Structures are given as C-alpha cells and as structure tokens.
Protein chains: 2
Amino acid sequence: MRDVFILGVGQTPVGEHWDLGLRELGAAAIREAMDDAQVERPGALCVGNMLGGCVNGQENVATLLADAAGLMPIEAWKVEAACASGGMAVRAASLAVAAGACDVAVAVGIEKMTDGAAGDVAAGLATASDQDYEASHGLSFVALSALMIQRYMHETGCDREDFAPFAVNAHANAVTNEKARFRHRISEDDFARSPVVAAPIGVLDAAPVCDGAAAVVVGTKEAIRPHHRPVRIAASAAATDTISLAERGDILHLGVAGRTAAQVFDATGFKPAELDLFEAHDAFTIITTLSLEACGFVPRGEALKHAANGCFQTGGCVPVATFGGLKARGHPVGASGAYQIVECALQLRGEAGENQVKGAQRAMAQSIGGHGSVAVTHAFEV
Amino acid sequence: MRDVFILGVGQTPVGEHWDLGLRELGAAAIREAMDDAQVERPGALCVGNMLGGCVNGQENVATLLADAAGLMPIEAWKVEAACASGGMAVRAASLAVAAGACDVAVAVGIEKMTDGAAGDVAAGLATASDQDYEASHGLSFVALSALMIQRYMHETGCDREDFAPFAVNAHANAVTNEKARFRHRISEDDFARSPVVAAPIGVLDAAPVCDGAAAVVVGTKEAIRPHHRPVRIAASAAATDTISLAERGDILHLGVAGRTAAQVFDATGFKPAELDLFEAHDAFTIITTLSLEACGFVPRGEALKHAANGCFQTGGCVPVATFGGLKARGHPVGASGAYQIVECALQLRGEAGENQVKGAQRAMAQSIGGHGSVAVTHAFEV
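Nothing here was measured: the structure is a model prediction, and the numbers come from that model.

S.K.: Any details on the overall build of chain A? Residues and values, ideally.
M.R.: When helices and strands are tallied, chain A shows 13 helices and 11 strands. Against the globule reference of 21 Å for 382 residues, chain A gives a C-alpha radius of gyration of 19 Å, in line with a compact fold. Dimensions along the principal axes, computed over C-alpha positions, put chain A at roughly 55 × 45 × 40 Å. Put simply, chain A has 382 residues, and 68% of those count as buried. Here the contacts in chain A between residues at least 6 apart in sequence split such that 78% fall between residues at least 24 apart. Accessible area for chain A stands at about 12,000 Å²; split by element, carbon and sulfur atoms hold 49% of it.

Below you can see the structure in the form of structure tokens.
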C-alpha cells in the first residue's frame, strides 16, 4: 500500500451557524485545507456526513460540496458510518490515494444539526442504532449511554461524579481553541450538579448538538512539496460490532475500539505508552472511559482512577481531547472524526498554540459510531 | 493500481418486499454473492444506499448489514451518491482492494422504498437535487426529467411517443428475468396512452419505486480460484456536475456521463462500437437518450432514430437494459448500480439465459445520480 500523508487541514468554528448551510460550511473547510496545502486540483472528494438526509433533507451531499467548493468535475461520494463518518471519510480518501486512483484527495466531515427541530435531531441520531429493535421503541442515544454507565457503576462501584475529570479536562482545553463550541471552564461541582438527561447522565456529561466542517488534504509521498509540513498516516483500521447494544456479549467492552487500536499498533509497532496524544471519541464520558480501557491505555475498570490522577490532561501520560474534544470543541457528528484528525495534524506540526502537547510526534485518533457498533482508528507520526 | 476482478454476484428479486427489511434483503444478496464466489471472510463491505435515513429511519446501514450477514468484525461503510450509490459502492470496494487494504471485498447496493408513504419516498428522492433551490420549491425528480424532455422535444422536434422504444425494449427483456419487477410486455400504444405524471412524462416512461439488493464480490488476481469465472473490471471512473439543473450550461448534455465514459474508453482502449452491451441508467427515457448521446454511442440528437431502428435491443448494435433495466427490472435507487454490474457479470460469464447477448466479452455499466450531477461508469471484460 502506498504511503499517504496529510498535506493540509482546514476547519470552521464549531457552533450554531444559523447563517450557514451545508454548502457554505463544507466549502469553507475544503478551501481552507486546500489553501493550507496549496493544492489546486485534487483528484477525489470524500464527504463524511450522517444526518444530511434525515435532518437537512439533502442527500447527494458530496456533489453539493464539489459544486460549492468549485471542484467539479471531481469524483465525489459521501461516506456514512454514523458518528464515525468523518474518520471513515479520511480513510476512504486515503484508500483512493493508496490505490492510485489519484495522487491527492480531500476528505471533509460535515454536519449541520441546529436547523432541525430538537426532536428531529434526536430521531436522526437514533438512526445510528437499530431502528427495528432500539430506536422505534424510544431508546435514544443518551439512554443507550445511560445503560452503559449504569452497568459500569454497578461493576466497578464508582459514582457518577467520578466521570467528571473527562468533561472538566475537555472544557479546560477548549478555552484556548478558537474553533471550539464551549470556551469556558467547568468544575467537578458543575458536572455533579448538571441537570440529568437520562440517569445518571447529566448535561455536562454529553457532547453538544452543533454545526461544523473539517477537512484534510491527503496525498502521496511524491505529492509532498517544500512548503508542506507533512504528517504521515502511519496506519488506519476500521471494524464493526452488533448494531444493537442488547446483542453484545459484554456492553462494557468496546470491541471495535480495541480491535482497530490493536490493528494500528500492530501495523506501526507503536505501543499505547509511546503515543503523545489520543483524540478519543468522548461523546459521553462512558465512551471515553471504555475506549481508553479497550485500546489498552489503562486496564479494564481503571480509567477513572487514572483520570482522577490527571493522566489524560495535556502534560499527563496520555493527553486526550487536547482541543476540547467532542465534549467542548463540539460534536457535529459526521464532522467530528475529521476534526480529531485535523487536531492531531496541528499537534504533530507543532501548530497547536496554547494547546500544544510539547514535542508531539505520534498521535492516534479514534471515531466511534452507533455506541460501539463501528469504529475507525488512525495513527499519525512526523 | 492492482487489477480487480468480480468473483461472485448475488441479487434478490426486485419488488415490493413487505415482509423483508433492509437487513434481510441486504444479507440475502451478500450471502448469495459470497456463495457464488465461495468466499468466506471478505476484508471490507461497502454498502450503496441512498434513502436509509430519510425513508427507513436507518443510518449506520453498513454496520446493520455486516451484522445481518454474519460478517462482523469486518470493516464496513455506506457509500452514498444519490441514484449512483450502488455503482459507487462497487468502485469504493474495488479501491479498497486495489489499495491493498484487503484482497477480497464485498459491495452491496440496497434500497427499501415501499415501506414509506408515497410522499416520503418522493421527498426522499428529491434530496438528491438541490434542497435549497429545487426540492424545497416542489420540484420533484419526475418534474426535473420533464423539463429535460420538453427541451429535447423543442430542440429536436421529436414527439413524446418517439421515446417509447426504450420502455418497450426494457419490458420485453424483463419477461425472461425472474428477478425483474415487471415481467410483462408493453406496446408503443401502451406507452403513448399511459397516464401523464409530469407532462410529457407518463407512468410508462418512469422507472418504478421498489425494493431490492444486489451484491458483488471483488478481489485481486491472486484471489482467483479454479471455480471462479472472473470478470475483470477493466476501468471505472466517477465525476460530478452542478447539483442544480438550473446551473447547467446545457441541460441536454450529460457531462458526467460523457466524461466518465471517455475516461473508461481512454483507460481501456475500448471504442463504443466494440462494447457488446451497455447497462444504461434508464430511470427515465430522456436519461437513457442523453446518456447514449453523451457517451458517444450515437451523435447528439440521434438516439431516438437509432432506437426506432432497434439499435438498442438485444441483437442490435448496442444492447441496453438487457435484463429489463431500471424501467422494468426495477429501480431500488441505491441498489440499481449494483444490479447493473451483476447483470454485466452474468452476461460476460455467459450465464444470462434467455437474456444472453451472444458472445458478450465487453460490457459497460453507468449509474447516474441527481439528474446528471454525479455518475460512475464501469467497463468489464472477459
């Protein structure tokens, strides 16, 4: 397989963009990434997006963005893998380059959630679960997470408040990220007192509904020019598990997270402790917890102990959510995986400003969709 | 780029499957293709689907089908490119194989349209057009086709009845295809008298709403086993044009059809006249007409003359819709591109039964989405 490098990145602020539609958000991120790479004519466009059809009444989103970004007649298609869509779009674009279909491609993740009615968005998100056996019975994504966290509390004896460090860290890191949705600190007390959405999950446990787009230009080694600060995609992997949570043998083992991380570690020779940062899929604190445990950063049942010790803060043993993560940078679902990868690239280029992990040379990003039914994991190095 | 071959095919009957959901239809096609290929553990699953979110309330369809077909933990993602989704999924799976991500992959196209209310399906289909400037103003896909056919009649002086041979041929070919939705002949008189949907388009001009799934196993040359009857994917290409019809300089030139066909002809050295069959995107007779002209099978403005002479019938100069096409085999939108490719493979394997194009060795399939805003074209040979 040909080596593939990140040659440019772009991202819109994450927020409530009432004045911008899919085409404006997508084109802005694509153009910024192309300007960053100084690339004129990429050969393919892969668009990660989940809710275009359900919430925006817009499929054929890849064509819409090829048109809006002035890239026609570029080949373009949409990649959907629930909340892992953005990461999967980067993998799809990389495969197009690795296959030799083109030498340079663009991946963009995009989601526009705030135009829909709140009920439409909740129903749209629930389409990532099993419609026949979960969503149609009223089981929302917050409720599914609540089942997982309840079980975790039962098995480990921990309390709801023990999950606070993940949210507190994410908000602290977002303060200095000008693209972030929430640029304010929260305390452990704020977390504990936040209104309950689905017991024991409170508002400050969950990533917010928002709009945004992030883009990555990928290319071959031969496409690297002197002005580039290339980041090598050292490995990537994707996997699936049962779409229904009820079918899982063990709802506290995120098999797709563990499997894809193991594939990436095998392919690169990296060990968890050797990574300088890990952009985890922190849609809910329980997902971060289970991901860290499944990937082997910490033993099962011990993530909260390490979180309490500051292990996952910038400067700690495994920095996570270095720009605020899904929790505070924000979670425009089909875009989040692309934001994670943009952030890894900025860290490895040494351009993370006040969010910089000092001397970062190896990073991993992981997107998880459908409560652990699908995941894609990338490792990067400079 | 590594050569990629079709090693197995599968398809469900196209129809109104009130008793089958996405998981049953998709798993049936996947398992049939895997049984045909005698492949046990493919490395990736690409799912072409358009309306899962809008009409079925089900995204994360690739995970659903990986689960239903017993393929977990296979990596899987959905590919959406409007009505070209099925063809694009085959291209995506081929790229994964060509890249070396795996040696054998499965592509499946699937759509389940008959469960939705008629209005939901029409609104769902309209999401492939420009929601802001077309769909939200009530411009349906039939209406967009009506604009194109009106313009064609204006420029060429032809009548509505002159488009009949395409529909008559499609129905004639579907009679002997046990997977087809409509297995009855129609006459030119039937076509002329069919109730008008959007003037001048009548019921017998348009492809039907239906359910179905078709799957293709693709693999490397090294994956070919003695029991296979491999069909080589000689080339494939995809392209985009403006999503809004109003933005096109010339609504009678299907640029994406012409461009992708030219790329495929360039890559293979094939000439239009050397193809033994062409599975065209006959969602409406005007689209078949414009595709044949844009691809260079006939000069602009002359497709209907050649149709009247039987050129596009089996045994004619360029057989189209050899198993009934979108018009009569049926058009489960995200699946149609995969059905076309399955049919090409059956023709080139000499297994088309009463639908066989004698001595077929070279075939082309073309899927078009969003009224010419996106297309993917494949050429095959044995």
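S.K.: Just give me the short version of the environment of alanine 126 of chain B, but keep the residues and values in it.
M.R.: All names here are of chain B. With respect to the helices and strands, the residue alanine 126 is situated in helix α5 (residues 118–126). Between the C-alpha atom of alanine 126 and that of leucine 139, which follows or precedes it by 13 residues, the distance is 7.8 Å. If near-sequence neighbours (up to four positions away) are discounted, alanine 126 is found in contact with Ala135 and Phe141.

S.K.: I'd love a proper account of the relation of the copies chain B and chain A, names of residues and values included.
M.R.: When chain B is brought onto chain A, the operation consists of a screw motion whose angular component is 180 degrees and whose axial shift is 0.0 Å, with 0.0 Å RMSD remaining. Accordingly, the operation relating the two chain copies is best matched by a two-fold axis. By C-alpha distance to the rotation axis, the residue of chain B lying nearest is alanine 99 of chain B, at 1.8 Å. Most of the interface of chain B is mirrored in chain A, where 100% of its interface residues are also at the interface.

S.K.: Go over the packing of aromatic side chains, please, and point to the residues and values.
M.R.: Residue and element names in this part refer to chain A. Considering all chains together, one arrives at eight aromatic pairs over all chains under this definition. Relative to phenylalanine 297, the ring of phenylalanine 265 lies with its centre 6.4 Å away and its plane at 75 degrees, an arrangement referred to as edge-to-face. In this pair, phenylalanine 265 is assigned in helix α9 (residues 255–268) and phenylalanine 297 in the loop between α10 (285–294) and α11 (303–308), connecting sequence segments 32 residues apart. For the pair phenylalanine 265 and phenylalanine 297, one class covers both residues: buried. One aromatic cluster in this structure is built from Phe265, Phe278 and Phe297.

S.K.: Go over helix α10 (residues 285–294) of chain B, please, and point to the residues and values.
M.R.: All names here are of chain B. Counting buried positions along α10 gives 10 out of 10 residues, so the element sits mostly inside the fold. Those residues of α10 not exposed but buried are Thr285, Ile286, Ile287, Thr288, Thr289, Leu290, Ser291, Leu292, Glu293 and Ala294. Following α10 by one or two positions, glycine 296 adopts a phi angle in the positive range, close to 90 degrees.

S.K.: Hey, could you go over the interface of chain B and chain A for me, with residue numbers and the actual values?
M.R.: Counting residues at the interface gives 52 residues for chain B and 52 residues for chain A. Between chain B and chain A lies a buried interface of about 4,100 Å² when both sides are counted; carbon and sulfur atoms form 53% of it. Taken together, the connections running from chain B to chain A amount to six salt bridges. Viewed at the interface, chain A and chain B are joined by 28 residue pairs in polar contact (both at pLDDT 80 or more).

S.K.: Please set out the confidence of the model for chain A residue by residue, giving values where relevant.
M.R.: Model confidence for chain A is summarised by a mean pLDDT of 97, while 100% of its residues fall at 70 or above. On the interface metric, ipTM, the complex scores 0.97, and its pTM is 0.98.

S.K.: Quick one: what's the story with the side chain of histidine 17 of chain A, residue by residue and with numbers?
M.R.: Residue placement: histidine 17 of chain A occurs in the loop between β1 (4–11) and α1 (22–37). Histidine 17 of chain A gets classed as buried once you look at its relative accessible area, which sits at 13%.

S.K.: Hey, could you go over the pattern of salt bridges for me, with residue numbers and the actual values?
M.R.: One pass over the structure, following the stated rule, counts 43 salt bridges over all chains. The shortest N-O distance in the salt bridge between lysine 305 of chain B and glutamate 302 of chain B comes to 3.2 Å. Here the salt bridges do not stand alone but share partners, grouping Asp36, Arg229, Arg349 and Glu351 of chain A into one network.

S.K.: Before we move on, can you summarise unusual backbone geometry with the specific residues and values?
M.R.: Residue and element names in this part refer to chain A. In this structure, the amide linkage connecting methionine 72 to the following residue, proline 73, adopts the cis form with an omega of 5 degrees. Topologically, proline 73 is positioned in the loop between α3 (61–68) and β3 (75–80). In the segment running from alanine 199 into proline 200, the intervening peptide bond is cis, with an omega of 5 degrees. Among the secondary structure elements, proline 200 is positioned in the loop between β5 (196–198) and β6 (201–202). With a phi angle near 55 degrees, alanine 82 is a residue other than glycine that sits in the positive phi range.

S.K.: Can you explain a negative patch on the surface? Please cite residues and give values.
M.R.: Residues and elements named next belong to chain A. A cluster of like negative charges, contributed by Asp159, Glu161, Asp162, Glu188 and Asp189, occupies part of the molecular surface. Within the fold, glutamate 161 resides in the loop between α6 (141–156) and α7 (164–174). Overall, glutamate 161 belongs to the partly exposed group, its relative accessible area being 39%.

S.K.: Describe the nonpolar core, naming the residues involved and giving the relevant values.
M.R.: Of all hydrophobic cores here, the largest spans 98 residues; its most connected members are Ile6, Trp77, Val218 and Phe380 of chain A together with Ile6, Val218 and Phe380 of chain B. If sequence neighbours within four positions are ignored, tryptophan 77 of chain A has contacts with Leu45, Cys46, Val47, Ala62 and Ala96 of chain A together with Val79, Glu80, Ala81, Met88 and Leu95 of chain B.

S.K.: Break down the pairing of β3 of chain A for me, with residues and values.
M.R.: For β3 of chain A, the buried fraction is high: six of the six residues fall into the buried class. Side chains Glu75, Trp77 and Val79 of chain A of β3 of chain A all project onto a buried face; the interleaved residues Ala76, Lys78 and Glu80 of chain A project onto the opposite face, where all are buried too. As paired elements, strand β2 (residues 44–48) of chain A and β3 of chain A share five bridges and run parallel to each other. Pairing of alanine 44 of chain A across the sheet is with glutamate 75 of chain A, part of β3 of chain A. Two elements, β3 of chain A and strand β3 (residues 75–80) of chain B, share three bridges in a ladder whose sense is antiparallel. Bridging across to β3 of chain B, valine 79 of chain A finds its partner in valine 79 of chain B.

S.K.: How would you explain the state of the cysteines if you had to name every residue and give the values?
M.R.: Evaluated as defined, the whole model comprises two disulfides over all chains. The disulfide partner of cysteine 311 of chain A is cysteine 317 of chain A, and the S-S distance across this bridge is 1.7 Å. The sign of the -125 degrees torsion about the S-S bond sets the cysteine 311 of chain A-cysteine 317 of chain A disulfide as left-handed. For cysteine 317 of chain A, a relative accessible area of 46% puts it in the partly exposed group. Between cysteine 83 of chain A, a cysteine without a disulfide, and cysteine 210 of chain A, which holds the nearest cysteine sulfur, the sulfur-to-sulfur distance is 11 Å. Free cysteine: cysteine 158 of chain B, not disulfide-bonded; nearest cysteine sulfur from cysteine 311 of chain B at 17 Å. Given the relative accessible area of 12%, cysteine 158 of chain B is considered buried.

S.K.: How would you explain the side chain of glutamate 111 of chain B if you had to name every residue and give the values?
M.R.: All names here are of chain B. Inspection of the secondary structure assignment puts glutamate 111 in strand β4 (residues 104–111). A polar atom in the side chain of glutamate 111 sits 2.7 Å from the backbone nitrogen of glycine 334. Those residues in contact with glutamate 111 that sit more than four places away from it in its chain are Leu25, Asn49, Met50, Leu51, Gly52, Cys210, Asp211, Gly212, Pro332, Val333, Gly334 and Ala335.

The rules we used
- Residues numbered from 1 in each chain as written.
- Chains lettered and ligands numbered in written order.
- Predicted model: local features only at pLDDT ≥ 70, side-chain atom pairs only at ≥ 80, totals over all residues.
- Heavy atoms only, no water.
- Helix = DSSP H or I, 4+ residues; strand = E, 2+ residues; numbered from the N terminus.
- Rg over C-alpha atoms; globule rule 2.2 N^0.38 Å.
- Buried < 20%, exposed > 50% of the residue type's maximum accessible area, 1.4 Å probe, protein only.
- Contact = heavy atoms within 4.5 Å.
- Areas by Shrake-Rupley, 256 points an atom, 1.4 Å probe, with all protein chains shown as cover.
- Least-squares fit on C-alpha atoms with pLDDT ≥ 70 in both.
- Phe/Tyr/Trp six-rings, centres within 6.5 Å; stacked < 30°, edge-to-face > 60°.
- Buried area = accessible area lost by both parts, 1.4 Å probe.
- Salt bridge = Lys/Arg side-chain N within 4 Å of Asp/Glu carboxyl O.
- Polar contact = N/O pair within 3.5 Å; in protein donor to acceptor, adjacent residues only side chain to side chain.
- pLDDT = per-residue confidence, 0-100.
- Patch = residues over 30% accessible without salt bridge, like charges linked within 9 Å, V, L, I, M, F, W, Y side chains within 5 Å.
- Lys, Arg positive; Asp, Glu negative; His and termini not counted.
- Charge placed at Lys NZ, Arg CZ, Asp CG, Glu CD.
- Core = buried A, V, L, I, M, F, W, Y, C linked by side-chain atoms within 4.5 Å.
- Pairing = 2+ DSSP bridges.
- Disulfide = S-S within 2.5 Å.

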